[in-house]
Amino acid sequence: MFILNEKPLSPDVAFTDANGIQRPANWLRLASPEEREDAGVTEVPDPPTYDQRFYWGPDLPKDHAQLVEQWTTATRTTANTLLQPTDWVIIRQADNGKIPDPAIKTWREDIRLATGTKVTAIKQTADIEALAAYITSADYSTWPSDPNTPPNPSPADGLEFAGNGVSTGF
């Protein structure tokens, strides 16, 4: 990070140095350390980074119990958001007896089971490090696929003749 007159400088923005000289946007990147020093610019290390979802500052964790409650609520909210578009199918069954697509009912149950698994894993974390590791993992961020969402086709879909492994190339 570059500093001039106790204020940070952006590396790709023109500025006026301590000597009143206007510098172009790329000057900080191209100037030598000696040239930057002569212009009154100092370089300081970037401040340490931290995940603000779990820490107040570097090495200053938030309260684990409060975050467990927060992430439990967020997980249940996500599940409800995923289920909401198909709630009408279940209501229609109660209203007029129309049986929902079994794939929808299975998917809805899978969402509820995934929610339970995620909430249990959150509650089993012993500290902020474990909670952050779980929340940022693929296990937490992956949900069962909606059966109404078409799958992403692979590049080879529709290009192969059945049984002979020959690609048509188009």
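Each value, and the rule that gives it
- Residues numbered from 1 in each chain as written.
- Predicted model: local features only at pLDDT ≥ 70, side-chain atom pairs only at ≥ 80, totals over all residues.
- Heavy atoms only, no water.
- Helix = DSSP H or I, 4+ residues; strand = E, 2+ residues; numbered from the N terminus.
- Buried < 20%, exposed > 50% of the residue type's maximum accessible area, 1.4 Å probe, protein only.
- Contact = heavy atoms within 4.5 Å.
- Pairing = 2+ DSSP bridges.
- pLDDT = per-residue confidence, 0-100.
- Phe/Tyr/Trp six-rings, centres within 6.5 Å; stacked < 30°, edge-to-face > 60°.
- Lys NZ or Arg CZ within 6 Å of the ring centre and 35° of its normal.
- Polar contact = N/O pair within 3.5 Å; in protein donor to acceptor, adjacent residues only side chain to side chain.

(A) Examining the overall build of the protein more closely. Within the protein, the regular secondary structure consists of 7 helices and 7 strands. Traced from its N-terminal end to its C-terminal end, the protein shows the element sequence β-β-β-β-α-α-β-β-β-α-α-α-α-α. By the burial criterion, 26% of the 170 residues in the protein qualify as buried. By sequence separation, contacts in the protein at least 24 residues apart represent 50% of the contacts at least 6 residues apart.

(B) Structural detail: the sheet that holds strand β5 (residues 42-43). Here we have 3 strands laid out as an open sheet, ordered β2-β1-β5, and antiparallel in their pairing. Lying at the two open borders of the sheet, with one neighbouring strand each, are β2 (7-9) and β5. Where strand β1 (residues 2-4) and β2 come together, 3 bridges link them in antiparallel fashion. Across the sheet, residue F2 finds its bridge partner in β2, namely L9.

(C) Here's a closer look at the confidence of the model for the protein. Looking at the protein as a whole, its pLDDT mean stands at 90, while 88% of the residues score no less than 70. Taken as a whole, residues 159-170 scores under 50 in pLDDT and shows 8 contacts with residues more than four places along the chain or in a different chain.

(D) Spotlight on unusual backbone geometry. The backbone phi angle of N5 is positive, close to 55 degrees, even though this residue is not glycine. The topology assignment puts N5 in the loop between β1 and β2. For D59, which is not glycine, the phi dihedral falls at a positive 60 degrees. With respect to the secondary-structure elements, D59 resides in the loop between β6 (55-57) and β7 (60-61).

(E) The packing of aromatic side chains, seen in detail. Summed over the entire model, instances satisfying the criterion amount to 4 aromatic pairs. Considering the side-chain rings of F54 and W71, the 5.7 Å spacing of their centres and the 15 degrees angle between planes classify their relative orientation as stacked. Here W71 lies in helix α3 (residues 64-83) and F54 lies in the loop between β5 and β6, a separation of 17 residues in the sequence. A relative accessible area of 0% places F54 in the buried class. Relative to Y140, the ring of Y134 lies with its centre 5.6 Å away and its plane at 70 degrees, an arrangement referred to as edge-to-face. One exposure class covers both Y134 and Y140, and it is buried. One aromatic cluster in this structure is built from F54, W71, Y134 and Y140. One cation-aromatic arrangement involves K118 over W143; the distance from NZ or CZ to the ring centre is 4.6 Å.

(F) View of the side chain of R108. Inspection of the secondary structure puts R108 in helix α5 (residues 102-123). A polar side-chain atom of R108 sits 2.8 Å from a polar atom in the side chain of T86. Beyond its immediate chain neighbours, meaning those up to four positions away, R108 contacts L83, T86, D87 and I90.

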